[in-house]
Every structure is written in structure tokens, then in C-alpha cells.
Amino acid sequence: MKLEEEVVKKLKECNCLLTTAESCTGGMVASSIVNVSGASEIFHEGYITYCDEAKHKILGVSNDTLQRYKAVSSNTACEMADGALKAANADIAVSVTGVAGPSMEDDKPVGLVYIGIAHNCRSYAKEFNFTGDRETVRKKACEEALNMILEELSQV
């Protein structure tokens, strides 16, 4: 069974509605979920917030966070997940923000990615340092986001 199929199956078992908030993956996580038959039962909407203004306007990421920690940070990943959870009225949210490349951003290296989870009145983010070209970084980030959803739901 593919990873995204496992995620959809687990979301159905838990009767959880998922939402996504994506920056560097540009909708890749949402796309992998909706490739699974029956995904409409557990996924209604997701958000692609590629620029800081969208992160603030759509997800409510504070301007202070974006200025102090920048878009690629654990703080931003957590606020993105929290904002998506609230906006979609979902049960669990995953967020992805990072530097896919080919060049550094705000002195942060290519491959630096933060993935956030918001679920059960808490949010957290994990830091990853992926190697490879832009497409590889994005694919690895998507895979880890799906893994983090599974990990979180396995604790329910």
C-alpha cells in the first residue's frame, strides 16, 4: 500500500478531517492525498501560501513571526498548521515551509524544511535537512509530511 493510501485509510479509521498548508511543496501533499480514491471523505480543502503575505492573510501567521523568524522556521510552520486547522475547521493539519532551491533564502540552506502538525489542541514542527535538487527536496518533504500525519494519528 502506498504511503498516501495508508494516510487516507488511517484518517478514515480515526474519522478525522485533514487540511494542508503548503509553501515549498506547492500543493504536493494535498495532491498526493486526493490521488487516493475516497479522499473526499477526509479532505475538503487545503492552502498553498507561497509568499509571506498569503501566509499572513489566509492562515493568520503573524507579521512578527515572519519578520523575526522568517517564513522558513518552526514558528511559521506551527502558525501555518494552526491557521489552516482553524480556517478549514479540520481535525488535523499539516504544514510545510522550506527552501527547495536552487539557492539559499534568508541565509537558510537549500533543503532546510519545517513540517508542522496541529491536532488535539497542540501544534509542533520538526526540522529536516534534505539533500538533492529542487524536485527531490519537495518530494522528500511531501513524504515526511505524510509520515508525520501517520505518526500523529497512531498516537490517537
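Here, the structure is the one placed above.
The rules behind these values
Residues numbered from 1 in each chain as written. Predicted model: local features only at pLDDT ≥ 70, side-chain atom pairs only at ≥ 80, totals over all residues. Heavy atoms only, no water. Helix = DSSP H or I, 4+ residues; strand = E, 2+ residues; numbered from the N terminus. Rg over C-alpha atoms; globule rule 2.2 N^0.38 Å. Buried < 20%, exposed > 50% of the residue type's maximum accessible area, 1.4 Å probe, protein only. Contact = heavy atoms within 4.5 Å. Areas by Shrake-Rupley, 256 points an atom, 1.4 Å probe, with all protein chains shown as cover. Lys, Arg positive; Asp, Glu negative; His and termini not counted. Charge placed at Lys NZ, Arg CZ, Asp CG, Glu CD. 1 Å grid on protein atoms, 1.4 Å probe; cavity = no way out; pocket = protein on both sides within 12 Å on 5 of 7 lines; lining within 4 Å. Points joined across faces, edges and corners; volume = space filled by probe spheres on them. Nonpolar A, V, L, I, M, F, W, Y, C, P; charged D, E, K, R; others polar. Phe/Tyr/Trp six-rings, centres within 6.5 Å; stacked < 30°, edge-to-face > 60°. Arc of directions from axis to C-beta.

Caption draft 1: The overall build of the chain, seen in detail. For the chain, the helix and strand inventory stands at 6 helices and 5 strands. The globule rule puts the C-alpha radius of gyration for 156 residues at 15 Å, and the 14 Å found for the chain is close to it. Reported as C-alpha extents along the three principal axes, the dimensions of the chain are approximately 40 × 30 × 25 Å. Per-residue burial over the chain gives 49% buried out of 156 residues. Look at the contacts in the chain between residues 6 or more apart in sequence, and 63% of them connect residues 24 or more apart. Surface summary for the chain: the accessible area is close to 7,600 Å², and the carbon and sulfur share equals 45%. The centroid of the 16 positive side-chain charges in the chain is displaced by 0 Å from the centroid of its 23 negative side-chain charges.

Caption draft 2: Geometry of the layout of surface pockets. Volume-wise, the largest pocket comes out at about 200 Å³. Lining the largest pocket are 17 residues, and of these Ser 23, Cys 24, Tyr 50, Gly 98 and Glu 105 sit closest to its centre. Only helix H3 (52–59) and strand S3 (92–98) provide two or more residues apiece to the lining of the largest pocket. Its residues assigned to classes, the lining of the largest pocket shows 8 nonpolar, 5 polar and 4 charged.

Caption draft 3: Geometry of the packing of aromatic side chains. Here the structure, examined in full by the defined rule, presents 1 aromatic pair. Taking 5.4 Å as the distance between ring centres and 5° as the angle between the ring planes, the aromatic pair formed by Phe 128 and Phe 130 counts as stacked. The residues Phe 128 and Phe 130 share a single accessibility class, namely buried.

Caption draft 4: Quick look at H3. Along H3, the residues classified as buried are Ala 54, Lys 55 and Leu 59. All buried residues of H3 fall inside an arc of 105° around its axis, so they share one side. Turned more than 90 degrees away from the buried face of H3, the exposed residues are Glu 53 and Lys 57. Phi turns positive one or two residues past the end of H3, at Gly 60, with a value near 75°.

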